[in-house]
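Report on the structure
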Amino acid sequence: MSGETVITVVGNLVDDPELRFTPAGAAVAKFRIASTPRRFNRTTNEWEDGESLFLTCSVWRQAAENVAESLARGTRVIVQGRLKQRSYEDGQGVKRTVYELDVDEVGPTLARATAKITKNPAGGGQPSQRKGSDDPWAGAKPANGQTQGGGWGGGQQQPAAQGAGYSDEPPF
């Protein structure tokens, strides 16, 4: 949607994601991240932490279930989403403003960790209608219908000018 502020934040989970379900059955996970800038002070020759930014994040549906299952407190994550501002009045009558992130994408950072990826079935958690492979590209054929060995993985590739069925266009 135009006019929304999309940001990417790298930080650590402050606590474990909390998974809940709406009355209609949609999953939503709420979690908080802390992002602390670090700067090298050349005078003292040491790294110094800046002021931490804390953001409450919410992610929906299958991604919410994946977050709750995969991430835990202390995990360093990269989060992309739409920044929202919300104002309210607390119990003592003080007006407050908070910034929250409606998450579109989230995952562990791999700068200092590794991750094992497990794909969900196609269709957002629904069983796949395909039989056999879970690979969506397994049955893919070139646009001109020709099939041949080679491709990206190995074998001899023939130049596109010779009618090998290759194109410069991405397959999506």
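Further up the page is the structure itself.
Being a predicted model, the structure only gives us computed values, none of them experimental. (Residues numbered from 1 in each chain as written. Predicted model: local features only at pLDDT ≥ 70, side-chain atom pairs only at ≥ 80, totals over all residues. Heavy atoms only, no water.)

So, on to the pattern of salt bridges. Throughout the structure, instances matching the rule amount to seven salt bridges. One salt bridge connects D49 with R38, and the closest N-O pair in it is separated by 3.0 Å. Pair noted here: D49 is in strand β5 (residues 46-49) and R38 is in strand β4 (residues 38-41), with a separation of eleven residues, a long-range link. Take D49 and R38: they sit in the same class, and that class is exposed. (Salt bridge = Lys/Arg side-chain N within 4 Å of Asp/Glu carboxyl O. Helix = DSSP H or I, 4+ residues; strand = E, 2+ residues; numbered from the N terminus. Buried < 20%, exposed > 50% of the residue type's maximum accessible area, 1.4 Å probe, protein only.)

Judged by nonpolar contacts, the single largest core of 16 residues is most densely connected at F31, I33, C57, V59 and V79. The set of elements that each furnish at least two residues to this core consists of β1 (5-13), β3 (27-35), β6 (53-60), α1 (61-70), β7 (76-89) and β8 (95-108). Per element, the largest residue contribution to this core is four residues, and it comes from β3. Setting aside its immediate chain neighbours within four residues, I33 contacts V9, N12, L13, V14, L53, F54, L55, C57, V77 and V79. (Core = buried A, V, L, I, M, F, W, Y, C linked by side-chain atoms within 4.5 Å. Contact = heavy atoms within 4.5 Å.)

Here the focus is the environment of A63. Mapping A63 onto the fold places it in helix α1. The exposure class of A63 is partly exposed, given its relative accessible area of 28%. A sequence separation of 36 residues divides A63 from A27, and the C-alpha atoms of the two residues are 8.5 Å apart.

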